[in-house]
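Structural overview for review
As a plain string of letters, each chain reads:
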Amino acid sequence: MFYEAFTRIRDAADSTLVPEQYIGVAEREGLITAIDNMLLFRCVQLVRRTQSRDRDIGFFCNISAHSLTDRHFFSNFVEFMADNAGLAPNLIFEFPYATIANRDDDIERHLRQLASLGFRFSVDQVSSLNIDYEDLRQHRFRFVKMEAATMLRELKDPRSHISVNDVKRMIDRHGMDLVVEKIETEKDLLELLDLRIDFGQGYLFGEPRRARVE
C-alpha cells in the first residue's frame, strides 16, 4: 500500500551510512535541511514516476524536527509543494510527534497551508498512547505511527491512561489509521493482529532498498 522514504548517505567507497553514523556531524555542520531537501526532491520524483504508470501507491516522506522548525526551509518547502499540489493524493508528510505537540505559530501556519493544498500528514516517534488525537485530526493528520515495542509493552504492562485495546477505536473515531512500525517477528505480528491494526511496517515485510529514479 505504501512506501516510506528514508535518507541514506554513501561514502567514497559507496558504503551506506545510517543516520546514527552521520546525524551528529550533519547537525554540527548545518546540513540537515540540505538532506531533507534532497529527500523531498527524490520523493517528488518517485511519486511522479508512479503516477505516470497509473500506480496508486503512497509515499511517506519524513521531515525532521530540525527542518520543521527552520522558518526559511519550511517557507520554501510550502512554496515548492504549492507548485506540486497534484502529488497530494500519493505523498504523505511525516513529522515527529514531540515537534507537532509543541509547535509554534509558524509551524501551525505552515501545516495549515500544506493541508489547504490537499496534503495529508503522519506522525511518528510516538512514545505514549496519551496523545491529543483530536488535535491531530483537526490538522489533517491521517496516520498515527506507533512502534511495535510500545504497543506490546502496553499489552503486558499498561502505563497509559488509555488501554492499548482502545487505541484503535480512538484513532478510528478521529478518522485516522494506525500504523505499527518496526515489526520484526511473526510472533509480534500475531499479537498485534489481535488489536486490529490498519497497517504494519518493518523488516518482517522486507528490508529497505535503494531507490533509483530514472
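Residues numbered from 1 in each chain as written. Predicted model: local features only at pLDDT ≥ 70, side-chain atom pairs only at ≥ 80, totals over all residues. Heavy atoms only, no water.

Considerations on the packing of helix α4 (residues 71-82) against helix α6 (residues 105-116)
Quick note on the threshold: Fitting a line to C-alpha atoms yields each axis, with helices limited to the stretch in contact; the angle taken between N-to-C directions then spans 0 to 180 degrees. Runs of H or I in DSSP of at least four residues are treated as helices and runs of E of at least two as strands, each being numbered from the N terminus. Each angle is binned into one of four classes, with values under 35 degrees roughly parallel, values over 145 roughly antiparallel, values of 65 to 115 roughly perpendicular, and all other values oblique. Residues count as neighbours in contact if any of their non-hydrogen atoms are within 4.5 Å of one another. Classes in brief: Ala, Val, Leu, Ile, Met, Phe, Trp, Tyr, Cys and Pro nonpolar; Asp, Glu, Lys and Arg charged; the others, Gly included, polar.
Closest axis-to-axis distance for the α4/α6 pair is 10 Å, and the angle between their directions is 10°. In terms of their interaxial angle, α4 and α6 are classed as roughly parallel. Touching Arg71, Phe74, Ser75, Phe77, Val78 and Met81 of α4 are Asp106, His110, Leu111, Gln113 and Leu114, all from α6. Its residues assigned to classes, the contact of α4 with α6 shows six nonpolar, three polar and two charged.

Looking at the sheet that holds strand β8 (residues 177-181)
Stated precisely, the cut-off is as follows: Strand pairing follows a simple DSSP-based rule, namely that at least 2 bridges must link the two strands.
The strand order β1-β4-β5-β6-β7-β8-β9 describes an open sheet built from seven strands, whose pairing is parallel. Only two strands of the sheet have a single neighbouring strand rather than two, namely β1 (2-5) and β9 (199-200). One ladder, built from five bridges, connects strand β5 (residues 91-96) with strand β6 (residues 120-126); its direction is parallel. From the neighbouring strand, Pro96 faces β6, where its bridge partner is Asp124. Relative to strand β4 (residues 58-62), helix α2 (residues 32-52) is tilted by about 175°, and along the sheet it contacts β1, β4 and β5.

Describing unusual backbone geometry
Using the following cut-off: Buried means the residue's accessible area, taken with a 1.4 Å probe over protein chains only, is under 20% of the maximum for its type, while exposed means over 50%, and partly exposed covers the values in between.
With phi around 60°, Lys182 is a residue other than glycine that occupies positive phi space. The residue Arg196 is not glycine, and still its phi comes out positive at about 60°. Position of Arg196 relative to the elements: it lies in the loop between α10 (186-193) and β9. Arg196 gets classed as exposed once you look at its relative accessible area, which sits at 66%.

Here's the deal with the side chain of Ser122
Secondary-structure assignment places Ser122 in strand β6. Excluding its chain neighbours within four sequence positions, the residues that come into contact with Ser122 are Phe60, Ile92, Phe93, Glu94, Phe95, Phe141, Phe143 and Lys145.

Describing α4
Put simply, the test is: A helix is expected to reach a length of 1.5 Å times the quantity of its residues less one. In this description, the arc belongs to the directions extending from the helix axis to the C-beta atoms. N or O atoms within 3.5 Å of each other form a polar contact, as long as, within protein, one can give a hydrogen and the other can take it, and as long as residues adjacent in sequence are counted only when both atoms are side-chain atoms.
The first and last C-alpha atoms of α4 sit 17 Å apart over twelve residues, in line with the 16 Å expected at 1.5 Å per residue. Residues of α4 that are buried: Phe73, Phe74, Phe77, Val78 and Met81. Viewed end-on, α4 has its buried residues packed into an arc of 130°, placing them on one side of the element. In this structure, α4 carries Arg71, His72 and Glu79 as exposed residues pointing more than 90 degrees from its buried face. Contacts made by the buried residues of α4 are with α2, α3 (65-68), β5 and α6. Where α4 begins, one side-chain oxygen reaches toward the backbone nitrogen of His72, 3.1 Å away; that side chain belongs to Asp70.

Notes on the nonpolar core
Heads up, the rule is: We call a set of buried Ala, Val, Leu, Ile, Met, Phe, Trp, Tyr and Cys residues a nonpolar core when their side-chain atoms join them within 4.5 Å.
Phe93, Phe95 and Met146 are the most contacted members of the largest nonpolar core, which totals 53 residues. Counting residues per element, this core draws most heavily on α2, at six residues. In contact with Phe93, other than residues within four places in its own chain, are Leu40, Cys61, Ile63, Phe77, Met81, Leu114, Phe119, Arg120, Phe121 and Ser122.

Let's talk about the packing of aromatic side chains
Heads up, the rule is: In summary, the pairing rule links any two rings of Phe, Tyr or Trp, Trp by its six-membered ring, whose centres are within 6.5 Å, and it sorts them by plane angle into stacked for under 30 degrees, edge-to-face for over 60 and tilted for everything else. When the NZ atom of lysine or the CZ atom of arginine is within 6 Å of a ring's centre and also within 35 degrees of its normal, the charge is said to sit over that ring.
Under the defined criterion, the tally for this structure stands at 13 aromatic pairs. Taken together, the ring pairs in this structure connect Phe73, Phe74, Phe77, Phe93, Phe95, Phe119, Phe121 and Phe141 into an aromatic cluster. Its end group placed over the ring of Phe60, Lys145 keeps NZ or CZ at 4.2 Å from the ring centre.

Let's talk about the environment of Ile23
Inspection of the secondary structure puts Ile23 in helix α1 (residues 19-28). Counting along the chain gives eleven residues from Ile23 to Ala34, while the straight-line C-alpha distance between them is 12 Å.

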